[in-house]
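Chains, contacts and geometry: an overview
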Amino acid sequence: VSFFRWICSLPSNKITDYFLSIPDENTRLSEAIRGVLSLGVYNVNESLNYILDWLKEPDTMLVRFEDLIGSQGQGSREGQVQTLQAICQHLGFEKSSQEIEETAKRVFDRSSTTFREGQIGTWKRYFKPQHHQLINKLLDARAEQLGYTRYLPNSTPASPYGVLGLTLPGAGIFLLDLALDELG
């Protein structure tokens, strides 16, 4: 949901123009899930493959949106602080508890260019049965490696998105909406 909404907010380009040419939001979401290989937009399974490949790198740390968003996003403040401490430790930053707490207060940032709603589970309002079927068709049990389960009827589906990877220099740093200058 966040991906196709972000794409549609960009200045005119081939990908944005393609998604904006689709007349309704449900079809746009289906296309984002399915991917548009001719435009370099990977389907959710291919995207998952890239994330799982990153996890094979020894300097990689998995950080989930749900662990980072904190209580303002319906997560846990304690979990958020623990996640920030783990990120700092992983990157070799020595930060005090007070510095971590101050950073935690700034993670939920409505002014960020990629901020959409900042709430865990809002994707459920957008997913229709066809989107769940498409996700289940494309994803397999590997999503569970990232702490996400597949949608099963009569259960509360976990988000198939919300994953970001952190790697140390040499493997590159990929970080969404968390300013490293806040930590380091």
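Residues numbered from 1 in each chain as written. Predicted model: local features only at pLDDT ≥ 70, side-chain atom pairs only at ≥ 80, totals over all residues. Heavy atoms only, no water.

1. Some points on the environment of Gly75
Here Gly75 is to be found in the loop between α5 (65-68) and α6 (77-91). The class of Gly75 is partly exposed, set by a relative accessible area of 25%. With 44 residues separating them in the primary sequence, Gly75 and Gln119 have C-alpha atoms 8.1 Å apart. (Helix = DSSP H or I, 4+ residues; strand = E, 2+ residues; numbered from the N terminus. Buried < 20%, exposed > 50% of the residue type's maximum accessible area, 1.4 Å probe, protein only.)

2. A short note on the packing of helix α2 (residues 14-21) against helix α3 (residues 25-34)
It is the contact of α2 with α3, at a shortest axis distance of 9 Å, that shows an interaxial angle of 135°. The angle between the axes of α2 and α3 places the two elements in the oblique class. Within the contact between the two elements, α2 uses Tyr18, Phe19 and Leu20 and α3 uses Arg28, Glu31 and Ala32. Of the residues belonging to the contact of α2 with α3, the class tally is 4 nonpolar, no polar and 2 charged. (Axes fitted to C-alpha atoms, helices over the stretch in contact; angles between N-to-C directions. Parallel < 35°, antiparallel > 145°, perpendicular 65-115°, else oblique. Contact = heavy atoms within 4.5 Å. Nonpolar A, V, L, I, M, F, W, Y, C, P; charged D, E, K, R; others polar.)

3. Details of a nonpolar patch on the surface
Residues Leu37, Tyr42 and Tyr50 make up a contiguous nonpolar surface patch of roughly 320 Å² in combined accessible area. Inspection of the secondary structure puts Tyr42 in the loop between α3 and α4 (44-55). The exposure class assigned to Tyr42 is partly exposed, which follows from its relative accessible area of 35%. (Patch = residues over 30% accessible without salt bridge, like charges linked within 9 Å, V, L, I, M, F, W, Y side chains within 5 Å. Areas by Shrake-Rupley, 256 points an atom, 1.4 Å probe, with all protein chains shown as cover. Salt bridge = Lys/Arg side-chain N within 4 Å of Asp/Glu carboxyl O.)

4. Focus on helix α1 (residues 2-9)
Taken together, the buried positions of α1 are Phe4, Ile7 and Cys8. Each buried residue of α1 lies within a common arc of 95° when the element is viewed along its axis, so the set occupies one face. Structurally, α1 contributes buried residues whose contacts are with α2 and α3. (Arc of directions from axis to C-beta.)

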